[in-house]
Amino acid sequence: MPRSSPSSSSAQTPLALSNSVINSTARVLLPAITLLLLSSSFLSRTVVDAEPLIKNTHTVYGGGCPAGCSGHGQCVGQKQDGNVNKIGHECKCHDGFTGTTCSLRICPSGRSWADPASAVQTAHADGVECSGFGFCDRATGKCACRDGFEGNACQRLKCPMGDNNFLVSEVCSGHGACMTMAQAAKEINYDMDLFTSVTYTNWDADMIQGCVCHSGWTGHDCSRRECPWGPDPRITSAKDEVQVVDCKCQDVCTGWIHLGYKGDNTRSIPFDSSAAFVEHELNRLDSIEDVRVSMPANKACTHDGSAIKIEFLRDVSRQRDYQNMTVNITYLSSTGAAPSASVHTNGIASAYYPDVKSQKSTKVPMECSGRGTCNAAGINSGECSCYPGYGPASDGRGNAATRRNNYLDCGSVRTDFNWTGITCPKVAPQYGGAADICGNPSAHTACNPNTLACQCDTGYEGGACEWLSCSRGKAWFDIAKSASLAHQLAPCSNVGKCSRTSGTCQCDALFEGNVCSTMMCAKNDSYVCGDKGVCMTMNKLATYSTTDGEYNGATYTLSDTTWDANKMQGCYCRKSMSGNSYQWDKDQLGNDGLLDQVAFNTYRGYYGFTHTDYAGYDCSKMECPRGDDHLTPGVNEIQRVRCSATAGGFSLTFRENTTELINWNDPAPIVEQKLEKIFTIGNVSVTYTNQTAVPLSGGHGSAKGLCNTTYADIEFLTELGDLPLMKVTGSTLVQKIGMSDLASVPKINVTESVKGTKENIECSGHGYCNPDIGMCICDVGYTSSDGQGGLGHRGDCGFHYTETQVFLPMDELEE
């Protein structure tokens with residue numbers, strides 16, 4: 001039934017979002033060209049003159065597949081009741097090809113970067129073309145990726161660029177390696193502070209890339225020189241890390257052991273090796289800077305058990321927590337009981353020598369040992385400018401430098417300095433201001449008289465609180481700690497440069513926020529989401545997730561595996577309120593103007609009198625009209641309403657849109673009108689059936705009241721396929737007399753009488769979609785249908801001409 005002018009507005013779906021108001025007068029020209037578009041010759045000429053993505057060389061008429069499937073597919077027929085009733089007419093494309101003639105290429109696919117969750121804590125769907133952050137070139141099958149992304153399916157975030165030593169822009173500034181989260185977690189490389197190997201399996205494992213810097217460089221892009229780190233020489237009570245290895249090999253012992261640290265293993269250590277030999281072998285490891293070894297029995301393994309005491313004098317890593325040593329006795333054997341070995345840490349004593357105890361380190365590594373300024377005055381030198389009375393060098397343990405250990409880390413207290421009256425450091429703040437000690441209340445610090453160290457307020461850092469610190473957010477890229485644990489807090493979320501003189505983050509191009517915590521939505525024509533959508537976090541996108549047009553209750557909230565819930569953003573592109581309606585009036589759109597621009601901007605006239613969704617990562621593309629392939633069998637969906645009442649009313653909700661109140665005694669034409677007034681329904685046919693011998697009160701035929709009939713069938717004429725059931729809401733129905741005591745008898749219910757089997761496919765399977773204009777380029781012989789196989793206004797290529805006149809382009813006619 002054609003739409004009639006409604007008397008009141010109906011409930012509106014939140015799926016049709018708007019973020020600006022466009023003058024609705026732009027729609028007034030559309031009905032004027034209706035008759036012209038319905039002219040078969042005009043439609044054929046329009047289709048041929050349009051610029052398709054790839055032109056067909058020929059079409060086979062009277063059956064057969066168009067263009068011979070371009071050599072990239074197989075021509076197949078349609079079966080009904082097990083019998084082939086038509087010759088081959090449909091192309092079944094080979095892998096990598098698509099389209100009605102298999103002339104278009106399919107692009108590589110990957111996990112979606114940003115999408116509405118499909119279920120609770122489930123998002124980033126796999127198998128998405130160009131990973132949702134690129135557009136497919138159908139001629140070449142290659143993805144054109146959004147800026148900042150790379151890979152054949154746009155499946156990887158690019159690593160940052162920076163100037164190398166020759167001031168030439170290079171990945172990771174030429175001072176690091178670009179790795180995925182999985183690669184950085186798995187690799188062991190002591191030059192890059194990669195000491196452990198874990199298998200990271202979260203969704204971003206192979207998608208997010210970042211820089212892992214070479215030793216001596218730091219920053220998210222490895223552009224800043226790192227200064228030496230060491231313990232504060234004033235804190236003399238700090239303890240070294242001590243670990244104890246017990247080893248027992250009874251009777252006649254032969255063979256050797258291997259000691260390991262951070263995945264790095266020694267060469268073979270014979271069972272009777274001395275402490276000096278074990279110390280030598282450990283100090284050869286790349287993962288160890290300097291250790292001291294002692295053994296009461298002076299043998300690595302003995303009949304009664306030996307204790308190997310290992311003191312870490314200086315760790316190559318600036319991380320405070322030491323990892324446990326490992327011991328391998330695979331190649332150790334004895335004539336007595338099987339050899340045994342174990343490692344003790346955190347204060348546990350040797351099982352054989354109770355006086356030999358392990359000890360957890362209490363030393364805290366600090367930049368320039370907390371007694372100097374790194375890269376002072378903004379000079380990227382990687383050098384420490386020591387405070388008066390300290391350094392410049394130390395042995396790495398708070399003492400003066402030696403020939404063997406000489407580190408320019410400001411980590412020693414000078415004995416030739418006059419300390420009279422000196423307390424905490426007196427330096428000039430790097431962010432501006434006169435030199436002063438940190439005990440000045442206006443300097444945002446306090447001086448500890450025992451250690452002569454500055455205690456910085458929040459927002460300040462450095463040994464003398466001379467720098468401003470940047471805020472920290474969940475890192476976009478870092479080294480995973482386990483299969484699912486990563487993305488710890490980091491300055492500027494590890495995707496921006498921290499200015500220590502201003503305490504602000506300079507975010508990379510893709511990121512925004514004071515700590516670079518969120519990824520920007522893409523822009524089109526300088527507008528976020530092209531002004532055709534709304535930028536949302538993954539958490540927010542989940543609230544708009546639908547299945548077949550109905551909200552599915554999906555959520556995406558913060559956890560270890562869904563760390564990006566409030567960080568990753570994507571465009572929620574404007575949705576059409578109906579794919580079939582075009583005669584909307586002010587009562588339907590409302591008087592506030594908020595829906596006018598949705599009605600206009602999703603309208604695809606004059607190509608088709610229909611509305612379709614915007615699409616693409618920046619909402620710059622448009623979906624094309626969809627319809628049924630008339631060559632395949634199919635029926636419309638019919639839903640049956642049974643009602644038993646004598647008063648009151650109810651509403652029906654379909655795909656999140658709700659009708660106005662339907663009265664118990666409304667006749668079929670009125671029910672039809674009320675259903676067609678909501679945006680998610682185009683045209684329906686309502687039929688009442690009375691199976692009683694005596695006519696019920698309220699009239700007869702279609703004029704009979706809904707609840708005075710046996711049932712009402714609602715056939716969907718424009719919504720195709722297997723549809724979700726309408727839901728009854730807001731019922732005020734009063735049950736018939738004599739049925740009130742039957743609690744099991746509902747006043748009203750909705751069931752599926754006939755399952756819809758018609759396809760709802762792009763361009764009805766007989767044309768190509770041009771997503772730049774949302775227009776179907778129909779195959780020759782096809783044009784717009786009414787959704788039921790007849791000529792109509794849907795722009796869906798669903799109508800087949802048995803006799804088609806093919807027009808040549810104007811330039812060929814002139815020749």
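Caption draft 1: The arrangement of the overall build of the chain in detail. The helix and strand tally for the chain stands at nine helices and 65 strands. Counting only residues that meet the buried cut, the chain has 46% of its 815 residues in that class. Long-range pairs, those at least 24 residues apart, make up 63% of the contacts in the chain between residues at least 6 apart in sequence.

Caption draft 2: Quick look at the state of the cysteines. Applying the stated criterion across every chain, the model contains 26 disulfides. The disulfide partner of Cys145 is Cys154, and the gap between their sulfur atoms is 2.2 Å. Disulfide Cys145-Cys154: torsion about the S-S bond near -90°, hence left-handed.

Caption draft 3: Representation of the side chain of Ser785 in the model. Residue position: Ser785 is located in the loop between strand 64 (782-783) and strand 65 (799-800). Residue class for Ser785 comes out buried when judged on its relative accessible area of 2%. A polar atom in the side chain of Ser785 sits 2.8 Å from the side chain of Asp796. Those residues in contact with Ser785 that lie beyond four places of it in its chain are Gly790, Leu791, Gly792, His793, Arg794, Asp796, Gly798 and Phe799.

Caption draft 4: Representation of the sheet that holds strand 24 (residues 290-294) in the model. Here we have four strands laid out as an open sheet, ordered 24-25-20-28, and antiparallel in their pairing. Edge positions in the sheet fall to strand 24 and strand 28 (340-344), since each of these pairs with one other strand and no more. Averaged over all pairs of adjacent strands, the angle between strand axes in this sheet comes to 20°, irrespective of strand direction. Bridge count for strand 20 (residues 241-248) against strand 28 is five bridges, and the pairing is antiparallel. For Val244, the partnering residue across the bridge sits in strand 28 and is His344. Running over the sheet, helix 4 (residues 275-283) touches strand 24 and strand 25 (306-314) and is turned about 160° from strand 24.

Caption draft 5: Quick look at the sheet that holds strand 60 (residues 748-754). In space, the four strands of this open sheet follow the order 57-58-53-60, with antiparallel pairing throughout. Looking at the sheet topology across the chains shown, the edges are occupied by strand 57 (684-689) and strand 60. Taking the axes of each pair of neighbouring strands and ignoring which way they run, one obtains an average angle of 25° across the sheet. Most of the contacts of helix 8 (residues 668-676) go to strand 57, to which it runs at about 150°, and overall it touches strand 57 and strand 58 (711-716).

Caption draft 6: Local environment of the pattern of salt bridges. If you walk through the whole model with that rule in mind, you get 20 salt bridges. The partner of Glu550 in a salt bridge is Lys727, with the nearest N and O atoms 2.9 Å apart. You can see Glu550 sitting in strand 48 (residues 550-551) and its partner Lys727 sitting in strand 59 (residues 727-729), a full 177 residues away along the chain. Among the residues examined, Lys727 registers a relative accessible area of 43% and is labelled partly exposed. A salt bridge links Asp713 to Arg640; the nearest nitrogen and oxygen atoms lie 2.7 Å apart.

Caption draft 7: Layout of unusual backbone geometry. Here the residue pair Gly391 and Pro392 is connected by a cis peptide bond, since its omega of 5° sits within 30 degrees of zero. Locating Pro392 in the fold gives a position in the loop between strand 31 (384-386) and strand 32 (426-427). The backbone phi angle of Ser131 is positive, close to 55°, even though this residue is not glycine. Within the secondary structure, Ser131 is located in the loop between strand 8 (128-129) and strand 9 (134-137).

Caption draft 8: Just helix 4, in detail. Restricting attention to buried positions, one finds in helix 4 the residues Ala275, Val278, Glu281 and Leu282. All buried residues of helix 4 fall inside an arc of 130° around its axis, so they share one side. For helix 4, the elements touching its buried residues are strand 21 (253-261), strand 23 (269-270), strand 24 and strand 25.

Caption draft 9: Structural detail: the confidence of the model for the chain. When pLDDT is averaged along the chain, the result is 83, and 81% of the positions lie at 70 or above. Here residues 79-85 is a poorly scored stretch, pLDDT under 50, and it has six contacts once near neighbours within four places are set aside; other chains count. Of the regions scoring below 50 in pLDDT, residues 581-586 engages in 23 contacts with residues more than four places distant in sequence or in other chains.

Caption draft 10: Representation of the environment of Thr373. As for its position among the elements, Thr373 is in strand 30 (residues 372-374). Given the relative accessible area of 5%, Thr373 is considered buried. Through-space distance from the C-alpha of Thr373 to that of Gly463 is 7.2 Å; in sequence the pair is 90 residues apart. Setting aside anything within four residues of it in sequence, one finds Thr373 in contact with Cys368, Glu383, Cys384, Ser385, Tyr387, Gln430, Glu466 and Trp467. Here Glu466 takes part through its side chain, which lies 2.5 Å from a polar atom of the side chain of Thr373.

Caption draft 11: Geometry of the pairing of strand 10 (residues 142-145). With four bridges joining them, strand 9 and strand 10 adopt antiparallel strand pairing. If you follow Phe135 over to strand 10, its bridge partner there is Ala144. Connecting the antiparallel pair strand 9 and strand 10 is a turn made up of four residues, with Gly141 showing a positive phi of about 75°.

Caption draft 12: Region of interest: the packing of aromatic side chains. For the coordinates displayed, the defined rule picks out 19 aromatic pairs. For the pair Tyr261 and Phe312, a centre-to-centre distance of 5.0 Å together with 45° between the ring planes defines the contact as tilted. Placement of the pair is Tyr261 in strand 21 and Phe312 in strand 25, with a sequence separation of 51 residues. Here the aromatic rings of Trp476 and Phe511 are separated by 5.1 Å at their centres, their planes lie at 55°, and the arrangement is tilted. Here Trp476, found in the loop between strand 38 (472-474) and strand 39 (489-491), pairs with Phe511, found in strand 42 (residues 511-512); they are 35 residues apart in sequence, far enough to count as distant. The burial state of Trp476 is the same as that of Phe511; both residues are buried. Pairwise contacts between aromatic rings join Trp113, Phe133, Phe135, Phe149, Trp203, Trp476, Phe511, Trp563 and Tyr617 into one cluster. One cation-aromatic arrangement involves Arg146 over Phe133; the distance from NZ or CZ to the ring centre is 4.8 Å. When the ring centre of Trp419 is taken as origin, the NZ or CZ atom of Arg234, which lies over that ring, is 4.5 Å away.

Caption draft 13: Quick peek at the environment of Val244. Its place among the elements puts Val244 in strand 20. Residue class for Val244 comes out buried when judged on its relative accessible area of 0%. C-alpha separation for the pair Val244 and Ala307, spaced 63 residues apart in sequence, amounts to 6.4 Å. Ignoring anything within four residues of it in the chain, the contact list for Val244 reads Ala307, Ile308, Ser342, Val343, His344, Ser350, Val356, Lys357 and Ser358.

Caption draft 14: Local environment of the environment of Asp560. You can see Asp560 is positioned in the loop between strand 48 and strand 49 (569-573). Along the backbone, Asp560 and Ala486 are 74 residues apart, and their C-alpha atoms lie at a distance of 7.4 Å. Residue contacts for Asp560: discarding those within four places in its chain leaves Asn202, Ser484 and Leu485.

Quick notes on the rules
In this numbering scheme, every chain counts its residues from 1 along its sequence in written order. Residues qualify for local features only when their pLDDT is at least 70, as the model is predicted, and side-chain atom pairs are given and counted only at 80 or more; totals for whole chains, interfaces and linings, by contrast, use all residues. The basis for every side-chain value is the complete set of non-hydrogen atoms in the structure, without hydrogens or water. Helix and strand assignments come from DSSP, with helices taken as H or I runs of at least 4 residues and strands as E runs of at least 2, each series counted from the N terminus. Any residue under 20% of the maximum accessible area for its type is buried, any over 50% is exposed, and the rest in between are partly exposed; the area is computed with a 1.4 Å probe on protein chains only. Residues are treated as being in contact if the distance between any of their heavy atoms lies within 4.5 Å. Disulfides are defined as cysteine sulfur pairs within 2.5 Å. Each polar contact in these results corresponds to two N or O atoms within 3.5 Å; when the atoms are within protein, one needs to be able to donate a hydrogen and the other to accept it, and residues that are neighboring in sequence are counted only if both atoms are side-chain atoms. If DSSP finds at least two bridges between two strands, the strands pair. Think of each axis as a best-fit line through the C-alpha atoms, taken over the contacting stretch in the case of a helix, with angles from 0 to 180 degrees between the N-to-C directions. Every case where a carboxyl oxygen of Asp or Glu lies within 4 Å of a side-chain nitrogen of Lys or Arg is listed as a salt bridge. As used here, the arc is the angular range of directions from the helix axis to the C-beta atoms. pLDDT is a per-residue confidence score from the predictor, ranging from 0 to 100. Note on ring pairs: Phe, Tyr and Trp rings are taken, using the six-membered ring of Trp, and paired if centres are within 6.5 Å. Classes follow the plane angle, with under 30 degrees stacked, over 60 edge-to-face and the rest tilted. By definition here, charges over rings are those cases where NZ of Lys or CZ of Arg is within 6 Å of the ring centre and within 35 degrees of the ring normal.

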